[in-house]
Amino acid sequence: MRSPIPDYLAEALRSVQADRSGATADYIPQLADADPELLAAALCTLDGHVYSAGDCGVEFSIQSISKPLVYALALADRGFDEVLGKVWVEPSGDAFNEISLEPDSGRPRNPMINAGAITAHSLAGPVGATPDERFARILDGLSAFAGRELAVDESVYQSEMTHSFRNRALANMLRAHHILDEEPLLVVDGYTRQCSVLVTVNDLAIMAATLANRGVNPVTGRPVVPAPVVRQVLSVMSTCGMYDGAGDWMTRVGVPAKSGVAGGLIGALPGQVGIATFSPRLDGHGNSVRGVDLFQRFTADMGMHLMDAPRAAPSVIRDSRLVGSAAAAIWVLALQGDLRFATAERLVRALAEDPPAAPQVAIDLERVLAVDDVGRRMLLEAVRRLTLDGHQMYLIDPNGVLPGPDPGDGGRVTVVQDLSEIAESDRSVVRR
Ligand code: DON
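1. A short note on the sheet that holds strand 1 (residues 40-45)
Pairing is antiparallel across the open sheet formed by five strands, whose spatial order is 2-1-7-6-5. Because the sheet does not close on itself, it has two edges, and the strands there are strand 2 (50-54) and strand 5 (257-259). For this sheet, the mean angle separating the axes of adjacent strands, direction not counted, is 10°. Sheet topology places strand 1 next to strand 2; five bridges connect them, and they run antiparallel. By the bridge assignment for strand 2, A41 is matched with A53. Set on the sheet, helix 10 (residues 201-212) makes contact with strand 1, strand 2, strand 6 (264-269) and strand 7 (273-278); between it and strand 7 the angle comes to about 150°.

2. Examining the pattern of salt bridges
Counted by the stated rule, this structure contains 23 salt bridges. As a salt-bridge pair, R148 and E59 come within 3.0 Å of each other at their nearest N and O atoms. With R148 in the loop between helix 6 (131-146) and helix 7 (154-162) and E59 in the loop between strand 2 and strand 3 (60-61), the pair connects residues that are 89 residues apart, well separated along the chain. R148 gets classed as partly exposed once you look at its relative accessible area, which sits at 33%. By relative accessible area, which is 42% here, E59 ends up partly exposed. For the salt bridge of R107 with E102, the shortest nitrogen-to-oxygen distance reads 2.9 Å. Residues R107 and E102 agree in their burial class; the two are buried.

3. A look at the state of the cysteines
Under the defined criterion, the tally for this structure stands at zero disulfides. Here C56 stays unpaired: no disulfide links it, and the sulfur of C44, its closest cysteine neighbor, is 13 Å away. Free of any disulfide, C195 has its nearest cysteine sulfur in C240, 17 Å distant. Its relative accessible area of 3% is what places C195 among the buried residues.

4. Notes on the pairing of strand 1
Within strand 1, six of the six residues are buried, leaving the element largely enclosed by the surrounding structure. Residues A40, A42 and C44 of strand 1 are buried on one face, and the alternating residues A41, L43 and T45, pointing to the opposite face, are buried as well. Where strand 1 folds back on strand 2, the antiparallel hairpin that results is connected by four residues, among which G48 adopts a positive phi of roughly 85°. In the sheet, strand 1 pairs with strand 7 via six bridges, with the strands oriented antiparallel. If you follow A42 over to strand 7, its bridge partner there is A276.

5. Observations concerning the site of the ligand
Within the structure, the ligand sits among 14 residues, and Q63, S64, N114, E160 and Y191 are positioned closest to it. At a separation of 2.9 Å, a nitrogen atom of the ligand approaches a polar side-chain atom of E160. In this structure, Y191 approaches the ligand through a side-chain N or O atom, which is 2.7 Å from an oxygen atom. Out of a free accessible area of 340 Å², the ligand has 96% covered by protein chains.

6. With respect to the nonpolar core
Soluble globular proteins tend to pack their nonpolar side chains together in the buried interior. Of all hydrophobic cores here, the largest spans 75 residues; its most connected members are Y71, F145, L204, M207 and L211. It is helix 10 that provides the largest number of residues to this core, a total of nine residues. Not counting residues within four places of it along the chain, the set of residues in contact with L204 comprises F60, I62, I65, V199, G264, L265, I266 and A276. Membership of the second largest hydrophobic core comes to 26 residues, among which are L351, V361, L395 and L402.

7. Overview of the packing of aromatic side chains
Per the stated rule, a full pass over the model turns up four aromatic pairs. Pairing Y8 with F298 gives two aromatic rings, centres 6.1 Å apart and planes at 50°, and the pair type is tilted. Of this pair, Y8 sits in helix 1 (residues 4-17) while F298 sits in helix 13 (residues 289-302), and the two are 290 residues apart along the sequence. Accessibility expressed as a relative area gives 19% for Y8, which makes it buried.

8. Observations concerning helix 6
Under the 1.5 Å per step criterion, the end-to-end length of helix 6 is 22 Å for 16 residues, consistent within 8% with the ideal 22 Å. Residues of helix 6 that are buried include every one of R134, F135, I138, L139, G141, L142, S143, A144, F145 and A146, and no others. Buried residues belonging to helix 6 abut helix 3 (66-78), helix 5 (114-122), helix 9 (184-195) and helix 10. Positive backbone phi, at 80°, marks G147, one or two positions downstream of helix 6.

9. Topic: the packing of helix 3 against helix 11 (residues 227-240)
Running from N to C, helix 3 and helix 11 point in directions that differ by 145°, and their axes come no closer than 9 Å. Note on packing geometry: the crossing formed by helix 3 with helix 11 is right-handed. On the side of helix 3, the interface is formed by P68, Y71, A72, L75 and A76, while helix 11 contributes V229, Q232, V233, V236 and M237. Of the residues contributing to the contact of helix 3 with helix 11, the split by class is nine nonpolar, one polar and no charged.

10. Structural notes on the packing of helix 3 against helix 6
At a minimum axis separation of 10 Å, helix 3 and helix 6 run at an interaxial angle of 115°. Regarding the angle of helix 3 to helix 6, the classification is roughly perpendicular. Crossing of helix 3 against helix 6: the hand is right-handed. Touching L69, V70, A72, L73 and D77 of helix 3 are R137, I138, G141, L142 and F145, all from helix 6. Taken together, the residues of the contact of helix 3 with helix 6 break down into seven nonpolar, one polar and two charged.

Rules and cut-offs
- Residues numbered from 1 in each chain as written.
- Predicted model: local features only at pLDDT ≥ 70, side-chain atom pairs only at ≥ 80, totals over all residues.
- Heavy atoms only, no water.
- Pairing = 2+ DSSP bridges.
- Helix = DSSP H or I, 4+ residues; strand = E, 2+ residues; numbered from the N terminus.
- Axes fitted to C-alpha atoms, helices over the stretch in contact; angles between N-to-C directions.
- Contact = heavy atoms within 4.5 Å.
- Salt bridge = Lys/Arg side-chain N within 4 Å of Asp/Glu carboxyl O.
- Buried < 20%, exposed > 50% of the residue type's maximum accessible area, 1.4 Å probe, protein only.
- Disulfide = S-S within 2.5 Å.
- Near = heavy atom within 4 Å.
- Polar contact = N/O pair within 3.5 Å; in protein donor to acceptor, adjacent residues only side chain to side chain.
- Areas by Shrake-Rupley, 256 points an atom, 1.4 Å probe, with all protein chains shown as cover.
- Core = buried A, V, L, I, M, F, W, Y, C linked by side-chain atoms within 4.5 Å.
- Phe/Tyr/Trp six-rings, centres within 6.5 Å; stacked < 30°, edge-to-face > 60°.
- Expected span 1.5 Å × (residues − 1).
- Left-handed = near helix turned anticlockwise from the far one by under 90°.
- Nonpolar A, V, L, I, M, F, W, Y, C, P; charged D, E, K, R; others polar.
- Parallel < 35°, antiparallel > 145°, perpendicular 65-115°, else oblique.

Rendered as structure tokens:
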């Protein structure tokens, strides 16, 4: 069978092809003269498969799409306190190049507008790095997000630098407020290089998928930034990524996203997929016209809106039964599905309201697919409390979904592969 997904992408591109509204960015010739008909889309799954259609091999400058990625590098390199002290996370509702600084501190309102992105650039790499060392760190980090070695388009960089008066003004303002504490022009130079890094739509889909995959590049398997950093970055993309169009975007499309003036657009759906589009004509917010249309179509067709929660899972307790009799009896509680807060709460409520009626209790995890940190802690706390109540506790975990379980203070648990390892004796089963 031929996969329907490339056909779907090609058909999605055809559906927006006729729209010639908007215009290429006009502040430098390299962007103004881009072929406005170029059109591409790509999806990268979290097991690293890339689907693409259209002009997916064409390189273009990453521009503002570098902002969330470099913000991620800054957070990873310098920590949250230092970065948040210099760049806040409040949507400005302003255009990307607006002077959105907090009135007293001069702190940029968020890292997606230029003032915040220039500051985030200055915070990538170790303290005291030279501008060249910092740029090497950024290029290496962006390459790790893409899973291949990226390069700068020197002509875009040179041209942007000859037109970077507004960014220089922003950097000087930031220097005056001690948000930057080095030569402002050098920071603008590095930031402009960062925006001039060349990517394809496939690179962008992999970068987005790295964000969707808790910071691990799904193609190379390389960890790029830690998961808490990704959560911060995706949150800021949701509220500020589309500038003064962010609210409209989040309600209609519902995927954390970031656009660039060369026509690229990325969206990262946590735990599912990275998406990217490329089409150079921009709307009044500086976002790709056909890219926005494609994203609306993707989220509608593929149910990708972040606020469309999956239906509540069926009961986490698949079965509870008494195996054996008298002193050798084992209360077996078989679980199913994913164990996270909502399902673990159902489990601990059931155990509290209806305590196991046998001295030995085995919690069977064979049909449990995944356990998150909260699910793990709640399950182990239940194990600890049942131990303190006098039960002998077992976990049946043939698939290793709960490695190294430690119920903590006063708790004890034995892990087995199979019920037969606990009880060989009486096999009479009493159903509850
Ligand atoms: O800072 C600038 O002006 C550009 N190099 C990047 C701007 C950009 O991509 C805005 N996004 N839509």
